[in-house]
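Listed below are the residues making up each chain.
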Amino acid sequence: MAPVEIRDLSKRFGSVLAVNDLSFDIEAGRVTGFLGPNGAGKSTTLRALLGLIRPSAGTATFGGLRYEELERPSAKVGAVLEDASFHPGRTARNHLRVLAVTGDHPFERVDTVLADVGLTDAANRRVGGFSMGMRQRLGIAAALLGDPEVLILDEPTNGLDPPGIVWMRGLVREQASQGRAVLISSHLLAEVAQSVDDVVVISRGEMRGHGTLEAVLGGDEGLVTIVRAQDNQRLTGALQAAGHSVQRLGESLLVPGVSAEQVGVVAGDAGVYLVALAPQTRSLEQAFLALTGEGAPL
Amino acid sequence: MSALLRAELLKLRTTRTFVALVGVTLALSLLVVVLTAVLSKEFAPGDAQDLFSADFTGLFIMLLGVIGMAGEWRHRTITGTILAAPDRLRLMSAKMLAYAAAGVVLSLIVTVTIMLVGTIILSSRGFDTVAFSDLLDVLWRNLLVAALVGALGVGIGALVRNQVVAIIAVLVLGFVIEPALFGLAPDVARYGPAQGAPAGIQDIEFFGDDGTDTLSPGTATLVMLGWIALFFAAAGVRLRSRDLV
């Protein structure tokens, strides 16, 4: 059983379908980038996973249990949400001490995690005087307090300066190397591409791609083939049966990491007539934008 | 629950609001007691007993409860609080218990201080002082009221959520609506959560010379518990059913 399992998750706010039938797993020891443009449904998905909002359908579980069913949630899951906030009049150390008492963690962990995020010198300062970057670090310290198996970071690079972003990349890699499952959401591929193993790409609440970074986005300057068939559905099935990932791109199909010749062979074997076949190269960013429908395909 | 309760008490101790309110409550209560004890020309032990009910803890602990709960939304800490304690009803229960305990501590400090200062002033002026047993009688009533209104404040804060609106609502209820009802409909006013029922517990004579119109302490306590249960239920339904987006 994967540390995090999301199955057929949907969330509707009134007439708006914010998340539509999402299913994916997060694996231990790997960093998974949860990517999509602003408003794609990333935060809604994470909040459903963390029991802050009720899904309209489907489930989101940690080892088979919903977040609110976990006996000591902070020992299982550490989360930093985008709007994480702190009482401005409380010091960083006292903020963590409150969380330590709530989660039944020893007070020694407070100084450990403060050191881990580089806030030892600011431990006794009131949070009201903290910069955005220091608040992010404090949020991460809070998430690490219970030494959790799963780490969820919602847009963690927001407000960080370039050294802070580099620090964050190192931190998530280190956490994964210690065996944690790390889920990191971002609307900017460039900020997470160097640190993720897997990606889940969503747009308008729907799944657009899920797998290793290479498989979903084809790698930087990767080979990609754009193809249109008389029967796109049949060709999609044939390509998938041959082990290739396929993404819809308007009237066409986008097949990352596969040459035009290989696509032609698969189509021929399946007896599908092709209308157009074009080999391309593209950057990760282009692939991401094409996948989310946010920019020119190529 | 005990971890949650300890966490809430730690939260209370680690901001300046609690310390400031203890100071203000003590200063106001002392001001009233000192002025009355110094300026009054006559003083019977019964008057002194009433005087020591001039503990402002009730008002301030109710405000503190409102601030403590509604502040979770004002400072946007509610998400982190619920992530740490996903059972929202247990969280609210722990907060209510914490503010009830804080009310007891605050009232103990204030009541004992005003009793000491008031007794010293009255005895130096040659007035009869209040018997120790009567002082204890005032003390437990003050402590009980402080505990109940502390918990009620949390319930109001959880239901209203907007801190400013909740504070104004408490002040309007305590200083406008209930006092107006004392004159217009005392039978209704004595059930009020801010002044009416607490007056019954403290045996303060609001409605007549002999105090027969106030509720008995037992009934008043039940009425206060009813108010707390009402706010707990209403706020609990709202807290459990709403998404935190």
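Residues numbered from 1 in each chain as written. Chains lettered and ligands numbered in written order. Predicted model: local features only at pLDDT ≥ 70, side-chain atom pairs only at ≥ 80, totals over all residues. Heavy atoms only, no water.

Draft legend 1. Region of interest: helix H3 (residues 92-103) of chain A. In a regular helix each residue adds 1.5 Å, so 12 residues correspond to 16 Å; H3(A) covers 17 Å between its end C-alpha atoms and thus fits that length. Within H3(A), 10 of the 12 residues are buried, which leaves it mostly tucked inside the rest of the structure. Those residues of H3(A) not exposed but buried are A:Ala92, A:Asn94, A:His95, A:Leu96, A:Val98, A:Leu99, A:Ala100, A:Val101, A:Thr102 and A:Gly103. Those residues of H3(A) that are buried lie in contact with helix H2 (73-76), helix H4 (108-116) and helix H5 (132-144) of chain A together with helix H1 (2-13) and helix H5 (78-84) of chain B. Just beyond H3(A), the residue with positive phi is A:Asp104, at close to 60 degrees. (Helix = DSSP H or I, 4+ residues; strand = E, 2+ residues; numbered from the N terminus. Expected span 1.5 Å × (residues − 1). Buried < 20%, exposed > 50% of the residue type's maximum accessible area, 1.4 Å probe, protein only. Contact = heavy atoms within 4.5 Å.)

Draft legend 2. Structural view of the side chain of B:Ser29. All names here are of chain B. With respect to the element layout, Ser29 can be found in helix H2 (residues 16-39). The class of Ser29 is buried, set by a relative accessible area of 0%. Within the local environment of Ser29, its side chain forms a polar contact with the backbone oxygen of Thr25, the two atoms lying 2.8 Å apart. Those residues in contact with Ser29, other than ones at most four positions away along the chain, are Ala54, Asp55, Phe56, Val110 and Ile114. (Polar contact = N/O pair within 3.5 Å; in protein donor to acceptor, adjacent residues only side chain to side chain.)

Draft legend 3. A look at the packing of helix H9 (residues 232-241) of chain A against helix H10 (residues 260-270) of chain A. Residue and element names in this part refer to chain A. Interaxial distance between H9 and H10 falls to 9 Å at its minimum, and their mutual angle equals 110 degrees. As far as their axial angle goes, H10 and H9 are roughly perpendicular. For the pair H9 and H10, the crossing hand works out as right-handed. Here H9 contributes Arg234, Leu235, Ala238 and Leu239 to the contact with H10, which in turn contributes Val263, Val266, Ala267 and Ala270. When the residues that make up the contact of H9 with H10 are grouped by side-chain class, the tally is seven nonpolar, no polar and one charged. (Axes fitted to C-alpha atoms, helices over the stretch in contact; angles between N-to-C directions. Parallel < 35°, antiparallel > 145°, perpendicular 65-115°, else oblique. Left-handed = near helix turned anticlockwise from the far one by under 90°. Nonpolar A, V, L, I, M, F, W, Y, C, P; charged D, E, K, R; others polar.)

Draft legend 4. Expanded view of the interface of chain B and chain A. Counting from both sides, the interface comprises 24 residues of chain B and, opposite them, 27 residues of chain A. Carbon and sulfur atoms supply 59% of the area that chain B and chain A bury against each other, a total of about 2,400 Å² over both sides. At the junction of chain B and chain A, the tally comes to one salt bridge. Measuring nitrogen to oxygen at the nearest pair gives 2.7 Å for the salt bridge that ties B:Asp243 to A:Lys11. (Buried area = accessible area lost by both parts, 1.4 Å probe. Salt bridge = Lys/Arg side-chain N within 4 Å of Asp/Glu carboxyl O.)

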